[in-house]
Amino acid sequence: MRRDLGARHWVRGLELGAGPQSSMAPLMLALADQVECSVYDPATLPAVRERNTQLLTTDDAQRLQYTSRDLRALEGRWDLIVMKSVLGGVHREHQSTLSDVHATLKHLIEDHLQPGGALITLDNGCTGLSSLFAPFGARRNGWRFFEERDFPEAQARYSFGVLSNFSAATRLGWVGHRLDDALYAFDLMFSPLFRRHAVHLHVYRREP
Ligand SMILES: C[S@@+](CC[C@H](N)C(=O)[O-])C[C@H]1O[C@@H](n2cnc3c(N)ncnc32)[C@H](O)[C@@H]1O
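Please read all numbers here as calculations on a predicted model, not as lab measurements. (Residues numbered from 1 in each chain as written. Predicted model: local features only at pLDDT ≥ 70, side-chain atom pairs only at ≥ 80, totals over all residues.)

Topic: the overall build of the protein
Thinking step 1. What the protein contains, in helices and strands, is 7 helices and 7 strands.
Thinking step 2. Taken from N to C terminus, the helices and strands of the protein fall in the order α-β-α-β-α-α-β-β-α-α-β-β-α-β.
Thinking step 3. In terms of overall dimensions, the protein is globule-like: its C-alpha atoms have a radius of gyration of 17 Å, near the 17 Å expected for 208 residues.
Thinking step 4. With the C-alpha coordinates of the protein rotated into their principal frame, the extents come out at 40 × 35 × 35 Å. (Helix = DSSP H or I, 4+ residues; strand = E, 2+ residues; numbered from the N terminus. Rg over C-alpha atoms; globule rule 2.2 N^0.38 Å.)

Laid out in structure tokens, this is it:
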């Protein structure tokens, strides 16, 4: 990832759509001086803050700021924007099209990145096995699962996994944790054998 982002000094980072189960902001502190961890639903802010604080030293925790933001009504520009598992929910299949997804990405890059800045997206992928996860709530409410060809051209792209399509830990507690570990081990071994993957990561850059 560092190789894809180059030697640029990143001052301001923004996480969009952080959640109580997972936030990228602590990892972003390794890339940017100051990171804004934003949630869509302000009610989730205390849980997100508490989770992050437990993971960080006091000094690092002070470099995080917490806000509530809607990616469709952003104001400001950042060097680095990261969002994980957000696009598929904002652009549910019955409410929007792939053109809307592309328009959102273009808008974030052109209107909210500093020149030379980077947008990193992590999204759920559609695999041949995705339908097996429906009973566990996957694709509930028309959540959009992506194929690689659904994304616009990126500076870098990575994909991984076949079974790591959802978090069992958030639904089944410690049993789910063990299940996630087992699915991850399977994915580490067998991912290279599959063409369609469960997680897609893209790095988009704004022209300097
Ligand atoms: C599946 S959760 C992912 C949460 C977290 N990023 C993670 O990976 O665990 C989807 C997130 O998108 C957020 N979200 C939904 N609509 C949004 C919007 N318009 N702008 C920003 N975030 C949004 C939700 O509040 C939720 O936190």
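Picking up after the structure, the text goes on.
Structural notes on the nonpolar core
When a protein is soluble and globular, its nonpolar side chains tend to lie buried together.
Thinking step 1. In this structure, M28, V35, L80, I81 and L119 are the most contacted members of the largest nonpolar core, which totals 27 residues.
Thinking step 2. Counting residues per element, the ones that place at least two in this core are β1 (10–16), α2 (25–28), β2 (32–39), β4 (78–84), α6 (98–112) and β5 (113–124).
Thinking step 3. Of all the elements, β4 adds the most residues to this core, at 5 residues.
Thinking step 4. Setting aside residues up to four positions removed in sequence, V35 forms contacts with G13, E15, A25, M28, L29, R63 and L64. (Core = buried A, V, L, I, M, F, W, Y, C linked by C-beta atoms within 7 Å. Buried ≥ 20, exposed ≤ 12 C-beta atoms within 10 Å, placed from the backbone. Contact = placed C-beta atoms within 7 Å.)

Some details on the site of the ligand
Thinking step 1. Close contacts around the ligand come from 16 residues, with G17, G19, S22, Y40 and L71 the closest.
Thinking step 2. Residue composition of the shell around the ligand, by class: 6 nonpolar, 6 polar and 4 charged. (Near = placed C-beta within 6 Å. Nonpolar A, V, L, I, M, F, W, Y, C, P; charged D, E, K, R; others polar.)

Regarding the pairing of β4
Along any regular strand, the residues point their side chains to alternate faces of the sheet.
Thinking step 1. With 7 of 7 residues buried, β4 is to be regarded as a mostly interior element.
Thinking step 2. Here β1 runs beside β4; their pairing, made up of 4 bridges, is parallel. Following the sheet pairing, L16 is matched in β4 by M83.
Thinking step 3. Note: β4 against β5, 6 bridges, orientation parallel. Considered in β5, the bridge of V82 is made with I120. (Pairing = 2+ DSSP bridges.)

With respect to the sheet that holds strand β3 (residues 64–68)
Thinking step 1. Sheet architecture is open: 7 strands sit in the order β3-β2-β1-β4-β5-β7-β6, paired in mixed fashion. Each of the sheet's edge strands pairs with one partner strand only, and the pair in question is β3 and β6 (156–160). Going across the sheet, the axis of each strand differs from the next one's by a mean of 15 degrees, ignoring polarity.
Thinking step 2. Seen against the sheet, α6 touches β4, β5 and β7 (199–205) and runs at an angle of roughly 155 degrees to β5. (Axes fitted to C-alpha atoms, helices over the stretch in contact; angles between N-to-C directions.)

Quick word on the environment of N52
Thinking step 1. Summarising the element assignment, N52 is placed in helix α3 (residues 45–55).
Thinking step 2. Sequence separation between N52 and M24 is 28 residues, and the spatial gap between their C-alpha atoms is 9.1 Å.

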